[in-house]
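Structural overview for review
What follows is each chain in one-letter form.
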2 protein chains.
Amino acid sequence: MKIILIGAGNLATRLAVALHAKGLTPACLYSRTEQSARLLSKRIGYAPYTTRLEELPTDGDLYIFAVKDSVLPDLLAQIPRCGGLWVHTAGSIAIEIFADYTHRYGVFYPMQTFSKEREINFDQIPIFIEANHNNDTTMLQQLAEQLSQRVYRANSEQRKYLHLAAVFACNFSNHLYTLCNRILSEHNIPFEVMLPLIEETAAKINDMPPAEAQTGPAIRYDLNVIERHKAMLDDETMRAIYDLMSRSIHQSAKP
Amino acid sequence: MKIILIGAGNLATRLAVALHAKGLTPACLYSRTEQSARLLSKRIGYAPYTTRLEELPTDGDLYIFAVKDSVLPDLLAQIPRCGGLWVHTAGSIAIEIFADYTHRYGVFYPMQTFSKEREINFDQIPIFIEANHNNDTTMLQQLAEQLSQRVYRANSEQRKYLHLAAVFACNFSNHLYTLCNRILSEHNIPFEVMLPLIEETAAKINDMPPAEAQTGPAIRYDLNVIERHKAMLDDETMRAIYDLMSRSIHQSAKP
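Cut-off values and rules
Residues numbered from 1 in each chain as written. Chains lettered and ligands numbered in written order. Predicted model: local features only at pLDDT ≥ 70, side-chain atom pairs only at ≥ 80, totals over all residues. Heavy atoms only, no water. Helix = DSSP H or I, 4+ residues; strand = E, 2+ residues; numbered from the N terminus. Buried < 20%, exposed > 50% of the residue type's maximum accessible area, 1.4 Å probe, protein only. Contact = heavy atoms within 4.5 Å. Areas by Shrake-Rupley, 256 points an atom, 1.4 Å probe, with all protein chains shown as cover. Lys, Arg positive; Asp, Glu negative; His and termini not counted. Charge placed at Lys NZ, Arg CZ, Asp CG, Glu CD. Buried area = accessible area lost by both parts, 1.4 Å probe. Salt bridge = Lys/Arg side-chain N within 4 Å of Asp/Glu carboxyl O. Polar contact = N/O pair within 3.5 Å; in protein donor to acceptor, adjacent residues only side chain to side chain. Nonpolar A, V, L, I, M, F, W, Y, C, P; charged D, E, K, R; others polar.

1. Looking at the overall build of chain A
- When helices and strands are counted, chain A shows ten helices and eight strands.
- Along the first, second and third principal axes, the C-alpha set of chain A runs to 65 × 40 × 30 Å.
- Relative to its 255 residues, chain A shows a buried fraction of 58%.
- Restricting the contact set of chain A to residue pairs at least 6 apart, pairs at least 24 apart contribute 52%.
- Carbon together with sulfur atoms contributes 45% to the accessible area of chain A, which is approximately 10800 Å² in total.
- Of the side-chain charges in chain A, 25 are positive and 28 negative, and the distance between the mean point of each set is 1 Å.

2. A closer look at the interface of chain B and chain A
- Of the residues lining the interface, 88 residues belong to chain B; the matching set on chain A comes to 87 residues.
- Buried area between chain B and chain A, summed over both chains or domains, comes out near 8700 Å², and the portion from carbon and sulfur atoms is 68%.
- By the criterion of area lost to chain A, the three top residues of chain B are B:Arg118, B:Phe168 and B:Met232, representing 9% of everything that side buries.
- The interface formed by chain B and chain A includes four salt bridges.
- Measuring nitrogen to oxygen at the nearest pair gives 2.5 Å for the salt bridge that ties A:Asp207 to B:Arg118.
- Taken together, the links from chain B to chain A amount to 36 residue pairs in polar contact (both at pLDDT 80 or more).
- Looking at the side of chain B that touches chain A, the elements that each hand over two or more residues are helix 5 (156-186), helix 6 (195-204), helix 7 (210-213), helix 8 (217-220), helix 9 (223-232) and helix 10 (236-253) of chain B.
- Looking at the side of chain B that touches chain A element by element, the count peaks at 26 residues for helix 5 of chain B.
- Within the side of chain B that touches chain A, the residues separate by chemical class into 48 nonpolar, 27 polar and 13 charged.

3. Overview of the pattern of salt bridges
- Counted according to the given criterion, the structure contains 26 salt bridges over all chains.
- A salt bridge links A:Glu34 to A:Arg38; the nearest nitrogen and oxygen atoms lie 3.6 Å apart. In this pair, A:Glu34 and A:Arg38 both sit in helix 2 (residues 34-43), four residues apart, roughly one turn of the helix.
- A:Arg38 gets classed as partly exposed once you look at its relative accessible area, which sits at 43%.
- Of the charged contacts, one joins B:Asp136 and B:Arg104 as a salt bridge, the two residues approaching to 2.9 Å between their closest N and O atoms. Of this pair, B:Asp136 sits in helix 4 (residues 134-147) while B:Arg104 sits in the loop between strand 5 (85-88) and strand 6 (105-110), placing them 32 residues apart in sequence.
- Counted as one network, the salt bridges with shared partners bring together A:Glu227, A:Lys230, A:Asp243 and A:Arg247.

Take a look at the structure:
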């Protein structure tokens with residue numbers, strides 16, 4: 001299968017590395033920036049790359065658009081007409097974005113938080129696929145199953161709620177770790193002391209629903225602690241987050 | 001060492017079980033409610049228990065107050081005079097709370113999220129200790145080191161910031177998992193699909209600072225996605241959380 005990969009960001013990088021490890025090295029990479037393209041090419045056996053859309057091979061079997069959501073519409077308008085199956089990797093973008101540009105299209109959404117430099121085991125990453133033709137759904141499923149044990153079919157409507165839910169569970173949780181780190185470093189406490197707690201918080205919900213796993217002053221509705229904590233926060237945004245999250249926990253606890 | 005344990009909640013339960021496993025079974029348990037006391041007693045070899053403060057042994061070496069923060073002042077006012085070292089297990093309460101009641105006192109704060117029914121490896125839990133006499137600090141340190149490899153000394157000021165930071169990293173993160181679960185269940189998607197993402201989000205920060213690990217629409221400042229996500233949220237509190245967290249992520253990203 002001749003795969004063309006468009007993008008060299010976090011997701012594109014980890015996907016390219018995972019494909020390469022399975023002998024499915026992209027036949028060509030595209031990135032707007034020379035350096036990103038060259039670096040990613042180097043990681044996957046110096047696969048050919050280009051920074052010019054018009055130089056992309058037009059005889060690919062699969063074009064994977066792994067770019068920022070906001071960039072995709074422009075790219076689609078500029079890319080030379082070519083055959084093959086076009087897929088994007090975004091949670092929030094409906095499959096129909098391709099409809100004006102090509103006939104065979106789909107989505108290949110690996111739901112994970114990717115960083116260029118962090119190795120990740122693709123085998124356990126849920127991949128959600130969708131295509132506008134049954135044959136292509138099957139093809140995407142087979143490809144996804146070469147990378148991961150957790151392949152699901154999801155339509156665009158389901159996928160956009162998956163992405164929204166992932167923003168809460170991943171992006172916002174990670175930001176809470178950042179705020180935690182800020183409090184600790186302001187008081188010269190190393191962030192490492194928090195790692196067992198963070199790990200257990202994430203592990204616990206394998207065994208019980210998160211609402212049942214909830215602990216802390218807000219679920220006990222311990223207003224003394226809540227008020228003292230708020231008074232300790234100089235930063236207005238952090239105080240607002242503390243207040244809103246505590247109220248939301250208390251609301252959720254009501255029968 | 002004759003240990004008297006006051007409390008039978010989440011923390012008291014897991015602490016009692018951990019002490020019991022090391023041959024340090026409390027000589028007596030107290031809980032306000034008969035059933036909690038009986039259940040916990042059963043878990044630790046039917047250790048004696050009582051629901052009446054006046055029946056507590058007065059010759060204990062160590063009295064551990066593992067109760068809700070809001071309950072501690074009342075308990076201290078009611079408990080019969082007795083010797084030994086008195087400690088509480090709370091992040092947010094200063095050591096001085098004991099000063100009016102006894103001469104030897106301290107804190108034994110295991111920083112973790114505890115649930116009665118979930119087994120936990122105490123060995124990796126950071127325990128922060130403090131006492132008003134050096135001998136007692138040493139005694140608490142030795143006790144803590146029998147339970148965990150991660151024992152630290154922290155004064156009341158540091159501990160209250162540890163607790164505040166833990167609320168962000170643990171209690172609020174867990175609530176985000178609850179909100180994530182709510183979105184998924186409203187769209188008939190099983191929560192299990194989110195577990196690899198949650199696990200990786202928590203694991204990633206072992207290797208990089210959380211600010212560097214941040215991904216998602218808010219850090220990319222992808223306003224299209226952010227606005228679409230907000231429009232998908234019917235619940236006012238969830239929309240407010242989405243908005244506030246996204247703005248906080250964007251603010252944190254500024255140089």
